Amino acid sequence: MVALGLEMAGLESFQEGKFWPGGLYIENDKQEVHQLLNLKRASVWKLFDVGMMYKGHQLQKEVGGNATEGDGFVLGGVFIMDKDGRCMYEFRQKNFKKDAPIDEILQVLDKF
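So, here's what we can say about the structure. (Residues numbered from 1 in each chain as written. Predicted model: local features only at pLDDT ≥ 70, side-chain atom pairs only at ≥ 80, totals over all residues. Heavy atoms only, no water.)

### Notes on the overall build of the protein chain
From N to C terminus, the protein chain includes 4 helices and 4 strands. The secondary structure elements of the protein chain, listed N-terminal to C-terminal, are β-α-β-α-α-β-β-α. Residue burial in the protein chain is summarised as follows: out of 112 residues, 17% are buried. For the protein chain, restricting intrachain contacts to residue pairs at least 6 apart in sequence, the fraction spanning at least 24 positions comes to 44%. Summing over all exposed atoms, the protein chain offers an accessible surface of approximately 8700 Å²; the carbon and sulfur share of this is 57%. (Helix = DSSP H or I, 4+ residues; strand = E, 2+ residues; numbered from the N terminus. Buried < 20%, exposed > 50% of the residue type's maximum accessible area, 1.4 Å probe, protein only. Contact = heavy atoms within 4.5 Å. Areas by Shrake-Rupley, 256 points an atom, 1.4 Å probe, with all protein chains shown as cover.)

So this is what it looks like as C-alpha cells:
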C-alpha cells in the first residue's frame, strides 16, 4: 500500500509521527493525481463550520502538528485498487469532518 501526500509542508512531522508505515509519495505542484481522481477543494466558508472547528481542535490535541502550513483546502479520499488497477473502494471527502469508515476499509482489504 502507498499513500499520496499533497505537498512537502508537514512531511517531516508526519513521518516522525509514524502515521503511515507504507510507501509515501508527494503530489507534484500541478496536483495532477488529485485532478485525475477529481478530488475537490473545500470552501473558505467551511473554516467557520462549528463542527469542523471542534474536530480540528480535537485533532490538534490528539496528534499535534501545524495546521497553519500548506494548502488547507484540498479534500482527500481513500482509494483501494486491485493489482489490475480496478478501483475496489472509493471514499471522497465532502468536508473535513468525515473520514473513510475504518470498518469499510477493513472489509475491502479482507478480500485481498
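### Section: the nonpolar core
Considering soluble globular proteins, one finds that nonpolar side chains tend to be buried as a cluster. Membership of the largest hydrophobic core is limited to 6 residues, which are Ile80, Tyr89, Phe91, Ala100, Ile105 and Val108. The set of elements that each furnish at least two residues to this core consists of β4 (87–92) and α4 (102–110). When sequence neighbours within four positions are dropped, the list of residues in contact with Phe91 reads Gly76, Gly77, Val78, Phe79, Lys98, Asp99, Ala100 and Pro101. (Core = buried A, V, L, I, M, F, W, Y, C linked by side-chain atoms within 4.5 Å.)

### Quick notes on the pattern of salt bridges
Using the criterion set out here, one finds 3 salt bridges in the structure. The shortest N-O distance in the salt bridge between Asp82 and Arg86 comes to 2.9 Å. The class for Asp82 is buried, based on a relative accessible area of 13%. Put simply, Glu90 and Arg92 hold a salt bridge, and the shortest N to O gap is 2.8 Å. Looking at Glu90, the relative accessible area reads 44%, which means it is partly exposed. Shared partners join several salt bridges into a network, and the residues in it are Asp82, Asp84 and Arg86. (Salt bridge = Lys/Arg side-chain N within 4 Å of Asp/Glu carboxyl O.)

### Focus on the environment of Leu6
Of note, Leu6 is situated in the loop between β1 (2–5) and α1 (11–16). Once the C-alpha coordinates of Leu6 and Gln31 are considered, the two residues, 25 residues apart in sequence, prove to be 7.5 Å apart.

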